[in-house]
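Survey of secondary and tertiary structure
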Amino acid sequence: MRFRHPNGDVVHLAYCTNVHPAETLDGVLAQLRDHCEPVRRLLRRDRLGIGLWLSSDAVRTLTADPAALRRLRSELDRRGLEVVTLNGFPYEGFGAAEVKYRVYRPDWTDPRRLAHTADLARLLTTLLPDDVAEGTVSTLPVAWRTPFDAARARAASAALATLAERLATLEAETGRRVRVGLEPEPGCVIETTAEAIAQLTTVPGDRIGVCLDTCHLATCFEDPRTVLNALQAARIPVPKVQLSAALHAEHPCLPEVREALAAFAEPRFLHQTRTRTAAGLLGTDDLAEALVGGVLPDDSPWRAHFHVPLHAPPSPPLTSTTDVLRDTLEHLIGGPAPLSRHLEVETYTWQVLPSELRPDGPGQLADGIAAELAFARDLLVDLGLKELP
């Protein structure tokens, strides 16, 4: 979906296909047919943006076989789908029964991460629509925080500097610019905006910046205006924004709130949980750990890294952080010029929602994704953007 900002810039809105992951190219092509095209039809659009997730296996296939890459591009065109951004965070196995800490491997200390991201950038120059000159790739925020020492920090910084050089070379070769955004996430080496700025000020050029995920932002209780002002002051770009909402519990001391939270403590993904106290931000790696008595203070609100559908906050006594999403978009998109032009709805947790909220089959999933995109579309229109055909 495309929108015209009042200043004339085109802003792209997509949804991320990691909600229905596939490990092979054939699986990706089936996604386009079985999921992405039905969502486009539900929205009655001739063209729908998708933030494509490609596993390491699919990337190897597409990199080694130009005919396979042409086939993918042809299928996108045939089904009315377009790609301006790739989700390069998960490397493989995102549909496994247990993902948890595995999603952070390989990290930016491992040569495989650099190779994979550079390959994604090159593939994207072919997948971009003919009338789009810039693409984006999101990636993990360096590494999980442990184990991480000075030697690993130097290796990661060197890898990111090499990536910046390769992106510059790619642009010179293809005439198309690809920028990469590190995605701050609770529990990682880069959890906060301040940590992102500290890392990125050492990377040359402006081809590597921040991918802001509004669920992660909310989970860490960061204020959108403060975050964006700090990034602008440091001249750190925001190539991409992931539109998402975290799980919020206002009174975690109450038994009924604990019971409601427990329904979201599931075994596939990590749901890092944070609370803001006078001593600073405190948290656990997973929601189930937080629910053990006494681990986290419960006299202030909790937020959990559980991507809640944008249009459907959980029932009381829980809610979601769509207010943080609205504030972020207002400051990011609602000004005289957009500070980012690639927006991606990323609710990959549809299939692990509590049973009463979980979609029953691909049809209900498509309905939910379409409703999320419609919610995001309405937010953009309210900010003065005009939806394009």
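Above: the structure in question.
The following refers to the structure shown.

Cut-offs used in this document
Residues numbered from 1 in each chain as written. Predicted model: local features only at pLDDT ≥ 70, side-chain atom pairs only at ≥ 80, totals over all residues. Heavy atoms only, no water. Helix = DSSP H or I, 4+ residues; strand = E, 2+ residues; numbered from the N terminus. Buried < 20%, exposed > 50% of the residue type's maximum accessible area, 1.4 Å probe, protein only. Contact = heavy atoms within 4.5 Å. Areas by Shrake-Rupley, 256 points an atom, 1.4 Å probe, with all protein chains shown as cover. Pairing = 2+ DSSP bridges. Axes fitted to C-alpha atoms, helices over the stretch in contact; angles between N-to-C directions. Salt bridge = Lys/Arg side-chain N within 4 Å of Asp/Glu carboxyl O. 1 Å grid on protein atoms, 1.4 Å probe; cavity = no way out; pocket = protein on both sides within 12 Å on 5 of 7 lines; lining within 4 Å. Points joined across faces, edges and corners; volume = space filled by probe spheres on them. Nonpolar A, V, L, I, M, F, W, Y, C, P; charged D, E, K, R; others polar.

On to the overall build of the protein, then. A count of helical and extended segments in the protein gives 12 helices and 15 strands. Seen through its C-alpha atoms, the protein measures out along the principal axes to roughly 55 × 50 × 45 Å. Looking at the protein as a whole, 58% of its 389 residues qualify as buried. Contacts in the protein between residues far apart in sequence, at least 24 positions, make up 79% of those at least 6 positions apart. Element-wise, carbon and sulfur atoms account for 50% of the exposed surface of the protein, whose accessible area totals about 15000 Å².

The strand order across the open sheet built from five strands is E11-E10-E12-E9-E13, with neighbouring strands paired in antiparallel fashion. The open sheet has two free edges, formed respectively by strand E11 (280-284) and strand E13 (318-320), since each of these has just one partner strand. Mean inter-strand twist for the sheet, computed between neighbouring axes without regard to direction, equals 30 degrees. Here strand E9 (residues 245-249) pairs with E13 via three bridges, running antiparallel. Paired with Ala249 across the bridge in E13 is Leu318.

A full pass over the atoms with the stated rule returns 28 salt bridges. Between Asp110 and Arg112 there is a salt bridge, with the nearest N and O atoms lying 2.9 Å from each other. The residue Asp206 makes a salt bridge to Arg177 at a minimum N-O spacing of 2.5 Å. Of the two residues, Asp206 sits in the loop between helix H6 (193-200) and strand E7 (208-213) while Arg177 sits in strand E6 (residues 177-182), which places them 29 residues apart along the sequence. By relative accessible area, which is 17% here, Arg177 ends up buried. Taken together, the shared-partner salt bridges connect Glu134, Glu171, Arg177, Arg179, Asp206, Arg207 and Arg341 into one network.

Left-over empty space is what a probe sized like a water molecule reveals as it rolls over the atoms. The full count for this structure, using the stated rule, is six cavities of 30 Å³ or more. Lining the largest cavity are 20 residues, and of these Phe94, Val103, Glu185, His305 and Tyr348 sit closest to its centre. Across the lining of the largest cavity, the residue classes break down as nine nonpolar, seven polar and four charged. Of the voids in this model, the second largest cavity is the one considered here, and its volume is about 60 Å³. Around the second largest cavity, the lining residues are Pro184, Glu191, Thr193, Leu212, Asp213, His216, Leu217, Cys220 and Glu222. Among the secondary structure elements, those contributing two or more residues to the lining of the second largest cavity are E7 and helix H7 (214-219). Its residues placed into classes, the lining of the second largest cavity shows four nonpolar, two polar and three charged.

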